[in-house]
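Remarks on the overall topology
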Amino acid sequence: MSQGKSARKTVFVLNGPNLNLLGMREPEIYGSDTLDDIAGRLEDQAQEMGLEVDIRQSNHEGHLVDWLHEAAAEEALAVILNAGAFTHSSIALYDAILAIDVPVIEVHLSNPAAREEFRHKSLIAPVAKGTICGFGALSYELALHATRKL
């Protein structure tokens, strides 16, 4: 049985390559929070908001595509996606987002526009509902709060 839009309560939080190394990898850029730290805060905030979060990470593009399809099949409220480096290269993620009827919020810990030239173009942004970047771990929390307005 299909849930009505107002009954949707799950937000998928999908993380791409190298985000499993948060807290160790270039903390001057990405901060000292680990992915588990971020997940814990999101879970607490989601509970306060009456939502559930399903948080996943993979270094493999196909897993992210499969999880976007799964979010649609499960009629998720939204997807928060930090595609990492795939942001700048993945036509497969672009196509997967375009193919699903679930709003996707693109997030980044850093501000890609203030970094290397190759990070300035996002292939995700044109098909995302919106983008939140440059606020460190807070970017995820801001995105979670944004899901309440979808």
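Scope of this entry: the structure provided in the associated data block. (Residues numbered from 1 in each chain as written. Predicted model: local features only at pLDDT ≥ 70, side-chain atom pairs only at ≥ 80, totals over all residues. Heavy atoms only, no water.)

Details of the packing of helix H3 (residues 61–73) against helix H4 (residues 91–99)
Two packed helices can be described by the angle between their axes and the distance between those axes. At a closest axis distance of 9 Å, the pairing of H3 and H4 adopts a crossing angle of 5°. Between H3 and H4, the angle falls in the class roughly parallel. The segment H3 lies against H4, with Glu 61, Leu 64, Val 65, Leu 68 and His 69 engaging Ala 92, Leu 93, Ala 96 and Ile 97. Looking at the contact of H3 with H4, its residues break down into 7 nonpolar, 1 polar and 1 charged. (Axes fitted to C-alpha atoms, helices over the stretch in contact; angles between N-to-C directions. Helix = DSSP H or I, 4+ residues; strand = E, 2+ residues; numbered from the N terminus. Parallel < 35°, antiparallel > 145°, perpendicular 65-115°, else oblique. Contact = heavy atoms within 4.5 Å. Nonpolar A, V, L, I, M, F, W, Y, C, P; charged D, E, K, R; others polar.)

Observations concerning the pairing of strand S4 (residues 104–108)
The buried fraction of S4 amounts to 5 of the 5 residues, a majority that puts the element mostly inside the structure. In S4, alternate side chains face the same way, and those of Val 104, Glu 106 and His 108 on one face and Ile 105 and Val 107 on the other are all buried. Strand direction decides the pairing type here: strand S3 (residues 78–82) and S4, joined by 3 bridges, are parallel. What sits directly across from Ile 80, in S4, is Ile 105. This β-α-β element, S3 to H4 to S4, shows right-handed connectivity. When S4 meets strand S5 (residues 130–133), the two strands line up parallel, connected through 4 bridges. Looking across to S5, one finds that Ile 105 is bridged to Gly 130. (Buried < 20%, exposed > 50% of the residue type's maximum accessible area, 1.4 Å probe, protein only. Pairing = 2+ DSSP bridges. Right-handed = clockwise from strand over helix to strand, strands pointing away.)

Considering a negative patch on the surface
Taken together, the side chains of Asp 36, Asp 37, Glu 43, Asp 44 and Glu 48 make up a negatively charged region of the molecular surface. Looking at the element boundaries, Asp 37 is found in helix H2 (residues 35–49). (Patch = residues over 30% accessible without salt bridge, like charges linked within 9 Å, V, L, I, M, F, W, Y side chains within 5 Å. Areas by Shrake-Rupley, 256 points an atom, 1.4 Å probe, with all protein chains shown as cover. Salt bridge = Lys/Arg side-chain N within 4 Å of Asp/Glu carboxyl O. Lys, Arg positive; Asp, Glu negative; His and termini not counted. Charge placed at Lys NZ, Arg CZ, Asp CG, Glu CD.)

Some thoughts on the pattern of salt bridges
Scanning the model with the defined rule gives 4 salt bridges in all. A salt bridge links Arg 41 to Glu 141; the shortest N-O distance between them is 3.1 Å. Pair noted here: Arg 41 is in helix H2 and Glu 141 is in helix H5 (residues 138–146), with a separation of 100 residues, a long-range link. Arg 41 sits in the partly exposed class, given a relative accessible area of 29%. Residue class for Glu 141 comes out buried when judged on its relative accessible area of 15%. Arg 56 is the partner of Asp 54 in a salt bridge, and the nearest nitrogen-oxygen pair spans 2.9 Å. On the accessibility criterion, Asp 54 (22% relative accessible area) is partly exposed. Residue classification places Arg 56 among the buried residues on the basis of a relative accessible area of 16%.

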